[in-house]
Every structure is written in structure tokens, then in C-alpha cells.
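If you want the building blocks of each chain, they are given just below.
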Amino acid sequence: MELMTMNIPVLALRGLTVFPHMNLTFDVERRISITALERAMEADQNVFLVTQREIGVELPEEEDLFEMGTVAHIRQVLRLSPNSVRVIVEGLRRARLRRLWHSVPYLQANVEEVQEETVSENLLHSPRTEALLRQAWNLFADYAQLAGSVPEEVISAVMDCREVGYLADFIAQNIPLRHTDKQEILDEMAPFARLRKLISFLARECNVLGFEHEMEDKIRDQLVRTQRDQILRTQIRVLQNELGEGDEEDEVQDYREKILALKLADEPRDHLLKEVSKLARQPYGSAEASVIRNYLDTCLELPWNTETRERISVDTARKVLERDHYGMEKVKERILETIAVRQMNPQGRGQILCLVGPPGVGKTSIAISVAKALNRKLARLSLGGVRDEADIRGHRRTYIGSMPGRVIEAINRGGSMNPLLLLDEIDKLGSDYRGDPSAALLEVLDSEQNHAFRDHYLEIPVDLSHVMFITTANTTDTIPRPLLDRMEVIRLSSYTDEEKVQIAKRHLLPKQLAEHGLRKSMLRISDDVYRVIIRDYTRESGVRQLERRLAAICRKTDMRLLSEELKRIQVNEEDLPKLLDCQPYPPTVHTEREEVGVVNGLAWTESGGEILEVEVSVMDGTGKLELTGNLGDVMKESAQTALDCLRSRAADLGIPKDFYKTKDIHVHFPEGAVPKDGPSAGIAVSTAMLSALTERKVRAGIAMTGEVTLRGRVLAIGGLKEKTMAAKRHGIGTVLIPKDNVRDLEEIDQKVRISLQFIPVETIDQVFAEALCPAAPMVHKEEKGEPLSVFPSCESSVSDAALRQ
């Protein structure tokens, strides 16, 4: 039998499916759908109804519609408003969407009628068919009983129907299945398979409704028990009052006595007494009475008028800091200055300190040492990931489960009104639709305002002026400017390798020995082994990874002492891979010989300084500049600036004036998986480009850092301390630095300054003079006039620096 195709208006349905031989009423509001109805009414009143795959699509295309739909006849159209009509349709037969001709001003498609499979008379009256029908009837009866909203006429029609395919369509049309489930039934041409799918959907819906009823019964039982308990408590309370055994008055009087004993200021005292009076008027067991009791208990638990006796002594603080921390002289000095000011003026308002540095350099431990030195209680607030303003200011009492903010909770936990509050990871604060917690901290960290801090839950002023605040952060870039302006920033730099050796010997190893049950004589580690662990097995600014390495050595020592019956273990360098269960980190890629187009740059990372090799290759081409190595935008702009700087002085540098047209330049930074950014590689890129263009070799044992401008000036950079430590660690002998960074040399470790030769530079020409081997003179052959260039070694030329350290 040949199937008929037709071009017909299309009505895209959202969350709705129409089956053949079914009547359905629904509202239409989209303009393309109303226009499609109008075109259908002008013709034979037939329309193709097809369901959208996604309900949210406003203007569907062909891929947004299911393939199978229903050709329906429009029975009636009722206009409800200019933009809405109500339509009654009757499904005629299944049809398949072949092609959507157009989507504006209405949907019109070419559809093909689908012939459903017929069922023979013998199969229709077979026992298998009867079993399938009975299963469908029973499941539908269970569903109707559980749902309780199925009309009686629908139930009667289902029970009287014996046509397999029609029964599946009828039930699917009259129960609230998901539109994707209904579409599966519409797509199925075989009547028996269609009914089996419907039976599986009915079984699932019956299970879901059963769980819903079970949960409703549990909730109803809980409410009944709660109401019964409340009635019994009320009756007990009435009986106690009749017998004169009530203690409500005693409770209210007890609250009043506690409030008066605190000797609070007028405002908080009057507010709390008002709450007590409100509690006295509440009926027994009311929810409001429980809220008031919790509020009064929270307020009375605060350490009002309780302060620890502060021990303000610069000498004591110095001893504590020196005992607990090695190095960090400038940081210790700045903290001691703050303590000295408090010693001279105990009533003065203290400054809020912000310790900024990489992870693991001792920011939190310094705050703990300050609390010990001052004899203050310490309360730590971790602000990492806090996004809700209520975490700082608290929740208002109108909310169920409300509580004070973290600041009040920390003071309560500290047990005094003058604790040291450590606000950890203040740079990790977030913000969203619930508010900005950094804005709530503006009042907390402002010494001019925090004498009357109001928590949303307490609603009474709390004096925070005697609290000492110390905050920690890894960077100031993510701290809002108004908040940063209220704090004095103290920067903690990375530890040098020598500092790490001393920290490991004095603090880390004794701590790990105690934790692993070892005596000092059982494990020996020399300074050279410490240096190997730090250099080859850690990559960090602080000492956390170093401590984990020492813990691994202690664990292996425990095993060996128990299994091999040894009395002492001496750790050697060759034992480290086995003791640490890992291989050393590969050395940083850098050149150690004279090469063309290869320069050692210096980079700063969160784990300290690193050597950053720059490679430049020049090839014949059309003037393209290729930058590779996972570079950021600033670094790409720095490379372009370096190239333009060379172009502007090509004649002076001996470069062909048209090199930017005839040569392709490829700049590569090795270790391409590591992101790189920043302008401090400018002079390294310029030097590598000039070396590659002129084939002049770069001196061995030299590294450089500095930003370059179009005019060839060398600008200052940051992280000089970490960069110079990286140069020393990798055997570099000479470091070129911007002249403006000479003042930063005072911060560098004395051993590093002695082992390195620093050459300050102001212009890129000075960089070229110090870094590049001199160009050989051009010798002409008399017979041919051909130039012959000879490139001697750099050992024959020694440059004079304007300043050497």
C-alpha cells in the first residue's frame, strides 16, 4: 500500500503529545503557531502536531522537533485574546516529518502518513493477548487508586477496551507521563510492543506514587505526634500552675539577674531586658518562646567585660618569634614595632596587619606566635570560599535556625573581648546573590567603626576595638581595594635554600622525630642531604612539601629500625629515591654553553624562582612572528615590543633593514605545558632575537631579567630575590638586572650576593654589550671580494660593568 505524503501546516507542541483518535483541548500563544492554525483553517482544517525536543526553544527548527507526530483535524478555535487562542483537535493518524519547508511566518512541512501494523483475529483472542490486557488493566487500576484524580469515565473506557494499540494510546493520552515517554509510545508502530512500553511506564509511576504516599504518611504521623506532645505539655503546665509548681517566673527572674550582673551599657541592657519581658508574655511551648530563649542564651554566653591580661613586652615577643621561626627578619621587626607601640600606648587602637606571601612560608604560625607572646586567646576564622554576607554579620532572627556571624562566634570561642582573631585566606572571599562578605568586613576591620559592631542576630553593639586582627593572604590582587586600604600589608617572601636547611634542622625534623617515636640519635641527616632534598625533591616557596619529605624518611626509618634491628640510620644522597619513593624533579631547561639564539631568562613562580630559557629561530619567510610555549597576553605583547625595538634600531645593530619582511622569527619558551606570563622576559627575548638575526653567540653562565620598552629602556621588575636564588641554584655566575632594582639587592641573602655577579643595566644596548659575544671583523678576499666572517669565543672579550656586586 502506497503511503500518502502531504504539505501541511505544523504546530510545534511544548510538553504535549497528541495521539490518533483522541480529542484534546489546549491553548496556543506563539505567533508562528497561531498563524499555522489560521492557514489550516483556510484549507482542509488539518494540521500536523509534533512535539518539541526541548521545551524552552521559542522558534524551533527541524532538528528541534521529533520525527513522529500526528495529523489532526481542527474541531474548533476560540480566540481568548489578541495573542492567545484555544483550540480543540481530533487526532487522525500517525505521520512522519520528512522535511520542514519553512519556519516563518509559520511552520510548514512535508509529512508522510505511517501505516500501523495490523493484528490478526487469532492473535487478538489469544491467551497471551488476554494476559497482556489484564496486566495493563490491573496496573491502570492501581495507578488510578494511588493517583486519586483519574475521572470515572476514563477508568470505564480503559476497562471496556480490548484493542491493544488503541488502549496504549488512550492510557498514555490521559495520564501525566513525561512528554519523552509519550513520544516513545507514539513512535512505536507495533501495537503489542506499544502496550508493553506503556505497562513499564505504568509500573514506574505506581512505584513513584507509592513512595509519595509513604512520605506523606510519615509527615502526617510526625505532625500528629508533635501536636499531641504540645497538647500534653500544655496540660502539664496548667496542672503545675494549679499546684503552684510552675518555674516560668523563676526562669524569667534568672534571666533578669544574669543581665543585671553583667553591668552592660544602657542600650544592650535595655534591649535584653525587653526580650526577657517579651518571653514572660509568651504561652508555654510556643515557638516564639524557644527563639527568645536561644537568643538570650547566646547573648549571655558572650564574654562581656572579660579580657585576658595582655603581656606587652618587646623582649618577650622577640624571644617567642626567634624560638618559633627562623629568618624573616623584616617581618619579625615589623611585628615587634607594632608591639612596641602598644607597649608605649596601651590604650591606642592597634593596626590591622595583613600577612601576604606564598603558601607554606609561616603566615598562620606567625599569628599564633604573636598570640602566645601577647598572652591573648587565639581564634581562627577560615574565610576561604565564604560567599554569604550572613557568615560575617550573622542571620536575622526572623529566619529559622539563625545564628550569629563568624566574628561573634570567634569571640565567644576565644572566651574574652580582646582575643587575637586570625582571618585566614582573606583573598579567597567570594561574592554572589547572597551578598559580598568583603563589604561586611569593612566595618569589622575599621578601627574607627568597630567599637560598635552590630551583628544581625544580636542587634546590640559589640566593642571590637580591643580585638587584634591579623589577616593572611597569598596575593593582594583579589582583595577589594577598600578592604585592603584598611590593613597594613606585610609581605613574606619565599625562603632561601639556606633558610630551608636551617628550618628543617631546627624545627621540621625534631617535630617529625617526635611524631614518629624516634630519638635524635636514631636518624642522621647532613646539611648536604638537606640541600639535595630541597633542590631536587621539592618545588615550593615554603616548607610544607619539605616537611612531608622528612616525614617519609622518618617512616622508612621506623620500618628499617624494626625489621633490620639497626640502632641508627645515616641518610645519604644515593638513598633518597628509595626513602622518598619518588625520583628527583628534572632540572629546569637552561643553556650552559655559548649558543646562538638561546638566552637564560629568570621567572618568578608561586614556588619560588626558576630559570626560563628563551629560544629564537630565524628562517627565510614573509615576516611572521610565531610565539609558542603557552604564553599569556602580557608576554606576547612583550615579545612584539622586543621585535619592534630591534626594528627601530636595525641599522645600529647590523641587521638588514627589511628583515621583518624577509625573515620569519619563531620565539619558543620550553616546557610548553606550563603557563607563562609577565613582561620581565623582555630583555631576554630581545637578546635572543638579536643573537639569532646576527648569528652572534650568547655568553655562557649568564642570565637576565627586565622589561624592555620600544625606546630600548630597561624597566624594573618584581621577585628579584626569588629569581636570583634560582640563578644561584642552577650555577649561573652573572645576572643582568634593571638599574632600578639595585635597591632590592639589600633584601637578597648575603650568600647569594657573594656568589653572583650583578650587572645593572639601563638600556637594551648595555644588555647586548654584556650578553653577546662581539661580532668578528669582516675580511674580504681580494680575488673575489667575498666577505668572510669568523666568530671567536667570548673568552677573549671581558666587559666592564657600571656596577658589580
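Fair warning: this is a prediction, and the values are worked out from it, not measured in the lab.

With that settled, consider the layout of surface pockets. Size it by volume and the second largest pocket reaches roughly 620 Å³. Along its surface, the second largest pocket is lined by 27 residues, and His325, Gly360, Gly362, Ser365 and Val543 are the ones closest to its centre. Where the lining of the second largest pocket is concerned, the elements lending two or more residues are helix 13 (363-374), helix 18 (497-515) and helix 20 (544-563). Residue contributions to the lining of the second largest pocket peak at 6 residues, all from helix 13. For the lining of the second largest pocket, the per-class residue count stands at 9 nonpolar, 9 polar and 9 charged.

Here the focus is the pattern of salt bridges. On inspection of all chains with the given rule, the structure shows 50 salt bridges. One salt bridge in this structure joins Glu488 and Arg334, with 2.6 Å as the shortest N-O distance. Of this pair, Glu488 sits in strand 13 (residues 488-491) while Arg334 sits in helix 12 (residues 329-344), placing them 154 residues apart in sequence. The class of Glu488 is partly exposed, set by a relative accessible area of 28%. Salt bridges here are not isolated pairs; linked through shared partners, they connect Arg94, Glu116, Asp169 and Arg194.

A few words on the state of the cysteines. Within this structure, the stated rule accounts for 0 disulfides. Cys206 supplies the cysteine sulfur nearest to Cys161, a cysteine that is in no disulfide, at a spacing of 18 Å. Overall, Cys161 belongs to the buried group, its relative accessible area being 10%.

Along the chain, Gln183 falls in helix 6 (residues 179-187). Taking the relative accessible area as the measure of exposure, Gln183 reaches 1% and is therefore buried. For Gln183, the contacting residues outside a window of four places in its chain are Thr17, Thr51, Phe66 and Met68.

Take the packing of aromatic side chains next. Under the counting rule described, the total for this entry stands at 3 aromatic pairs. Judged by centre distance (6.0 Å) and plane angle (25°), the ring pair of Tyr166 and Phe170 falls under stacked. A residue pair is termed a helical-turn pair when its members lie 3 or 4 positions apart in one helix, as Tyr166 and Phe170 do in helix 5 (residues 164-174) at 4 residues. Exposure remark for Phe170: the relative accessible area of 13% places this residue in the buried category.

Pairs of packed helices are described in terms of their axes, by the angle between the two and the distance that separates them. Look at helix 22 (residues 633-648) against helix 25 (residues 682-694): their axes get within 9 Å of each other, and the N-to-C directions meet at 50°. Comparing the axis directions of helix 22 and helix 25 gives the class oblique. Relative to helix 25, helix 22 is oriented so that their crossing is right-handed. Along the contact surface, helix 22 presents Ser638, Ala639, Ala642, Leu643 and Leu646, while helix 25 presents Gly682, Val685, Ser686, Met689, Leu690 and Leu693.

With 12 residues, helix 13 extends 17 Å from end C-alpha to end C-alpha; this agrees with the ideal 16 Å at 1.5 Å per step. Within the span of helix 13, buried status applies to Lys363, Ile366, Ala367, Ser369, Val370, Ala371, Ala373 and Leu374. On its buried face, helix 13 is in contact with helix 11 (314-324), helix 12, strand 7 (353-356), strand 8 (378-382), strand 9 (420-424) and strand 12 (468-473). Asn375 lies just past helix 13 and shows a positive phi near 60°.

Rules of the game
- Each chain carries its own residue numbering, running from 1 in the written order of its sequence.
- Only residues with pLDDT of 70 or above have their local features reported here, since the model is predicted, and side-chain atom pairs are shown and tallied only from 80 upward, although totals for entire chains, interfaces and linings are computed over all residues.
- Derived side-chain values reflect all non-hydrogen atoms in the structure, with water molecules and hydrogen atoms excluded from consideration.
- A pocket here means an open set of points on a 1 Å grid, computed over the protein atoms alone, that has protein on both sides within 12 Å along at least five of seven lines. A cavity is instead a set of points where a 1.4 Å probe fits but cannot get out; residues with an atom within 4 Å of a point line either one.
- Grid points are joined across faces, edges and corners, and a volume is the space filled by probe spheres set on the points.
- Going along the chain from the N terminus, every DSSP run of H or I of four or more residues is numbered as a helix, and every run of E of two or more is numbered as a strand.
- Side-chain classes are defined by residue name, with Ala, Val, Leu, Ile, Met, Phe, Trp, Tyr, Cys and Pro counting as nonpolar, Asp, Glu, Lys and Arg as charged, and the others, Gly among them, as polar.
- Note on definitions: salt bridges are taken to be side-chain nitrogens of Lys or Arg within 4 Å of carboxyl oxygens of Asp or Glu.
- Burial classes follow relative accessibility: with a 1.4 Å probe on protein chains only, a residue under 20% of its type's maximum area counts as buried, one over 50% as exposed, and anything between as partly exposed.
- Disulfide assignment relies on a single distance test, namely cysteine sulfur atoms paired within 2.5 Å.
- Contact definition: two residues touch when any of their heavy atoms are within 4.5 Å.
- Only the six-membered ring of Trp is used, alongside the rings of Phe and Tyr, when aromatic pairs are assigned; centres must lie within 6.5 Å, and planes under 30 degrees apart are stacked while those over 60 apart are edge-to-face, with the rest tilted.
- Only the contacting stretch of a helix is used when fitting its axis, a line to C-alpha atoms as for every element, and angles between N-to-C directions run 0 to 180 degrees.
- An angle below 35 degrees is treated as roughly parallel, one above 145 as roughly antiparallel, one from 65 to 115 as roughly perpendicular, and anything else as oblique.
- Left-handed describes a crossing in which the near helix is turned anticlockwise from the far one by less than a right angle; the clockwise case is right-handed.
- A helix is expected to span 1.5 Å multiplied by its residue count minus one.

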